[in-house]
Structure formats: C-alpha cells, structure tokens
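Fold and contact review
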Amino acid sequence: MAASATGDPTVEELIEKEKAERTGQFAAASYELASFPEGLYELSHLTKLFLQFNKIAALPRELGLFERLTGLFLQQNSLKTLPAEIGKLKSLSRLRLEHNQLVTLPDEIGQLASLTELHLEHNALRELPSTIGGWKKIRELHVTHNQLRSLPTALGEHTALILMPGKFQAKDGNPLDLLPADTVAQGDRAIFEHVNLDCAHIKGLFVGFVLTDDSCSDITQRTPPEDRQGQGTPHLYDCRAC
C-alpha cells in the first residue's frame, strides 16, 4: 500500500473513502507514487484530482475516463509525455504540469476547449503544438524555463492572455532564438504582440477587427499592421474575428 511519508492514510484507504463519500475531489500529494494509482479508475466522477509532488513517470490511457475533471494537478512529478486521451477531458479548466520532464505535448491537448489556466514551467519542451488554437477560453499560460525556440502562430488568437499582467509568461529560461532578439528583450507582452501580428498576417486581418486592451473595434483603413506600429497603444488583432 502506498502511504504518505507523514503517516497519512494509504492511497487505497483514500480511494475507499472517496468511493463512500463521493466528494468529487481526491488528493494524494507527496505520497512518493511512482505510477498513477489504478484504483482511481473507479472514481471517474472526480472533478478535481491532486497528485502533485510525487514521482509519477507516465499517465495511463485511462486518464480519458475522467471526463468530469475541472482541475488536474500533477506538478513536480517525472512525466515525460502525456497520453493522447488527455484530449477527452472536455471540462478541464485548470491543468498544472510544471516541474516535470515533458519533452513534447500531444496534439490532442488542443482539444481542451474549457481550459483557462495551464502551467508548463520547468520542463524540456522544444515546441508547443499548433493545435493550441483550440483553447478558446485560455486566460493564463506559463511556459518559462523550457527549450522553446519559437511560439506557434495559433497562440496569437488568445489575446485575453495579456489583458492582465503576469498571465502570459514565456521569456524567462527559453532560448526563443527564432524570434527577433529585440522583441524578446522587451519581454512577454512584446513577444505576444509579435506572435499576434504573425497570426493577423496569415489570416489576412488587415481589415476587420482590432482588439485593444479592453474591447474590439473596427479597422477602417487598409493599412498593414506593421505600418500602424508606434501610434500609441499597440493593436492586438483578434484572429478569431470577434
């Protein structure tokens, strides 16, 4: 039986307790777990799952059973990959994966349409999947301290990320050497504006809508985005045509 180092109940006892009480939450942090407890498969009703501060090296395909999850907390484990079945967690809004060993993310992670907050700091990610355009509700994204050389153009669709300071963090601890050096030097907001501009170019949004810090408004001039730079508050283009 997997027990906490502090003498807390075993994981098996916690599982039995949740079967009886059905609170919708399960927590087994700091239990030195090396694998995802199979007994959890019987708790597919869970809405929040806390397994942080363990040694879990892989997640099973059965993760897709937990379709009611709104919060999944797996920070500080030993994960190197994620199963494609993570895309089945359609209700997931908070996902914490910082301080693992992730090298790549499955394309299916872009299917998390309810995701509002994602932490991926301190992993070994070389790129983010282009499917992140599917995160229609994302409001907070942290990807510092990885091996990212660039950011996908699809990120530029999510202008809500920089409406509040500190909700988008990518600069620190990443090479980002495929982005203009002067842009990277200016920090996270400038990085996002650069990606957003690329998104606008690709989607041809020179005429349509502009998203400022608080609202959308019409563009009336057929002026390429780069020609409008330096005119006060930078324009952010809503690549979804709000």
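In short, a report on the structure.

Thresholds applied
Residues numbered from 1 in each chain as written. Predicted model: local features only at pLDDT ≥ 70, side-chain atom pairs only at ≥ 80, totals over all residues. Heavy atoms only, no water. Helix = DSSP H or I, 4+ residues; strand = E, 2+ residues; numbered from the N terminus. Buried < 20%, exposed > 50% of the residue type's maximum accessible area, 1.4 Å probe, protein only. Contact = heavy atoms within 4.5 Å. Areas by Shrake-Rupley, 256 points an atom, 1.4 Å probe, with all protein chains shown as cover. Arc of directions from axis to C-beta. Salt bridge = Lys/Arg side-chain N within 4 Å of Asp/Glu carboxyl O. Core = buried A, V, L, I, M, F, W, Y, C linked by side-chain atoms within 4.5 Å. Phe/Tyr/Trp six-rings, centres within 6.5 Å; stacked < 30°, edge-to-face > 60°.

1. Quick word on the overall build of the chain
- Within the chain one finds three helices and nine strands.
- Listed by position from the N terminus, the elements making up the chain come as α-β-β-β-β-β-β-β-α-α-β-β.
- Within the chain, buried positions represent 49% of all 242 residues.
- Taking as baseline every contact in the chain between residues at least 6 positions apart, the subset at least 24 positions apart corresponds to 37%.
- Carbon together with sulfur atoms contributes 49% to the accessible area of the chain, which is approximately 11,500 Å² in total.

2. Regarding unusual backbone geometry
- Its identity is not glycine, yet S30 carries a phi of approximately 60°, on the positive side.
- Mapping S30 onto the fold places it in the loop between β1 (25-27) and β2 (48-50).
- Overall, S30 belongs to the partly exposed group, its relative accessible area being 36%.

3. Focus: helix α1 (residues 11-21)
- Listing the buried residues of α1 in full gives V11, L14, I15 and E18. Buried positions in α1, seen along its axis, are confined to an arc of 100° and lie on one side of it.
- Buried-residue contacts for α1 involve β1.

4. Let's talk about the pattern of salt bridges
- For the structure shown, the criterion picks out 10 salt bridges.
- Between E85 and R61 there is a salt bridge; the shortest N-O distance is 3.0 Å. Highlighted residues: E85 in the loop between β3 (71-73) and β4 (94-96) and R61 in the loop between β2 and β3, separated in sequence by 24 residues.
- What makes E85 buried here is its relative accessible area of 12%.
- On the basis of relative accessible area, R61 is assigned to the exposed category, the value being 62%.
- Across the salt bridge formed by R96 and E98, the nearest N and O atoms sit 2.3 Å from each other.
- Judged by relative accessible area, R96 falls into the partly exposed class, the value being 22%.
- With a relative accessible area of 6%, E98 lands in the buried category.
- Within this structure, E16, K19 and E42 form a network of salt bridges that share partners.

5. Digging into the nonpolar core
- Judged by nonpolar contacts, the single largest core of 56 residues is most densely connected at F26, L51, L95 and L151.
- Contributing elements (two or more residues each) for this core: α1 and α3 (188-203).
- For F26, the contacting residues outside a window of four places in its chain are V11, L14, I15, E18, L40, L43, L46, K48, L49, F50 and L51.

6. Quick notes on the environment of Q52
- By the element assignment, Q52 lies in the loop between β2 and β3.
- Exposure remark for Q52: the relative accessible area of 13% places this residue in the buried category.
- Between the C-alpha atom of Q52 and that of L33, which follows or precedes it by 19 residues, the distance is 9.6 Å.
- Sequence-distant contacts of Q52, that is, excluding residues within four places in its chain, are made with A28, A29, S30, F73, L74, Q75 and N77.

7. Observations concerning the packing of aromatic side chains
- Applying the stated criterion across every chain, the model contains four aromatic pairs.
- Taking the centre distance of 6.2 Å and the plane angle of 20° together, the rings of F36 and Y41 count as stacked.
- The class for F36 is buried, based on a relative accessible area of 6%.

Remember that the coordinates give geometry; whether it matters functionally is a separate question.
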